[in-house]
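One-letter residues, chain by chain:
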Amino acid sequence: MIKSIFRFLFFPIASLAFVCLATQAASDSSAITTHGAWTRWLPGKLPAAGYMTLVNNSNQERFLIAASSPDYDHVSLHESYTMPSGESSMRMVAKLPIPAHGSAELKPGSYHLMLIGAHGKVKPGETVTVILELDGGETLTVVLPVKLAGKDG
Ligand SMILES: [Cu+2]
């Protein structure tokens, strides 16, 4: 865990300047919903991960292309993966597809939102807010309860 955090902190700056290519798909403002959102509490100002399930109720593939938060300096879309050495690491993801009439999961060990630079003290039992940006310019505000790591990871 600590190792992967330091790996993240030393990401080359260039990787932070990735460009999101929004698709031209027409957006249906009620098509995407979320459930089971939460963020894992970490001490101090360590980057924290945000998780949720995104559900696409439309017959068109949609994409999560960016996120931001009034509670953090920066939010990135990340994917955890296992390196050939067996060590776990994470990388930036330009966009996350949400299949038509399907769902995409942000969960421990997989895709997650990386919440960087908390503005205040984040405590278990409280909530933080994330604004998801979908293709087509649609945004979705999601409230994430702050939880201690438990059986969910
Ligand atoms: Cu991450």
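Residues numbered from 1 in each chain as written. Predicted model: local features only at pLDDT ≥ 70, side-chain atom pairs only at ≥ 80, totals over all residues. Heavy atoms only, no water.

**Some words on the coordination of the copper ion**
In step 1: Those protein atoms acting as donors to the copper ion are His78 (ND1), Met90 (SD), His112 (NE2) and Met114 (SD), and they sit at 2.1 to 2.2 Å.
In step 2: Coordination of the copper ion draws on donor residues from a single chain, spaced H-x11-M-x21-H-x1-M in sequence. Placement of methionine 90 in strand β5 (residues 88-92) and of histidine 112 in strand β8 (residues 111-118) is noted, with a sequence separation of 22 residues between them. Summarising the burial analysis for this pair, methionine 90 and histidine 112 share the class buried. (Donors = N, O, S within 2.8 Å, 3.2 Å for Na, K, Ca; no water. Helix = DSSP H or I, 4+ residues; strand = E, 2+ residues; numbered from the N terminus. Buried < 20%, exposed > 50% of the residue type's maximum accessible area, 1.4 Å probe, protein only.)

**Let's talk about the confidence of the model for the protein**
In step 1: On average, the protein scores 84 in pLDDT, and the residues at 70 or more come to 78%.
In step 2: Every residue in residues 8-28 scores below 50 in pLDDT, and together they form 32 contacts with partners more than four places removed in sequence or on other chains. (pLDDT = per-residue confidence, 0-100. Contact = heavy atoms within 4.5 Å.)

**Some thoughts on the packing of aromatic side chains**
In step 1: Taken as a whole, this structure holds 1 aromatic pair when the rule is applied.
In step 2: Taking 4.9 Å as the distance between ring centres and 45° as the angle between the ring planes, the aromatic pair formed by tryptophan 38 and tyrosine 51 counts as tilted. With tryptophan 38 in strand β1 (residues 32-40) and tyrosine 51 in strand β2 (residues 48-56), this residue pair connects regions lying 13 residues apart in the sequence. Each member of the pair, tryptophan 38 together with tyrosine 51, is buried.
In step 3: Its guanidinium or amino end placed over the ring of tyrosine 81, arginine 91 lies 3.9 Å from that ring's centre, counting from NZ or CZ.
In step 4: Lying over the aromatic face of phenylalanine 63, lysine 95 brings its terminal NZ or CZ to 4.2 Å of the ring centre. (Phe/Tyr/Trp six-rings, centres within 6.5 Å; stacked < 30°, edge-to-face > 60°. Lys NZ or Arg CZ within 6 Å of the ring centre and 35° of its normal.)

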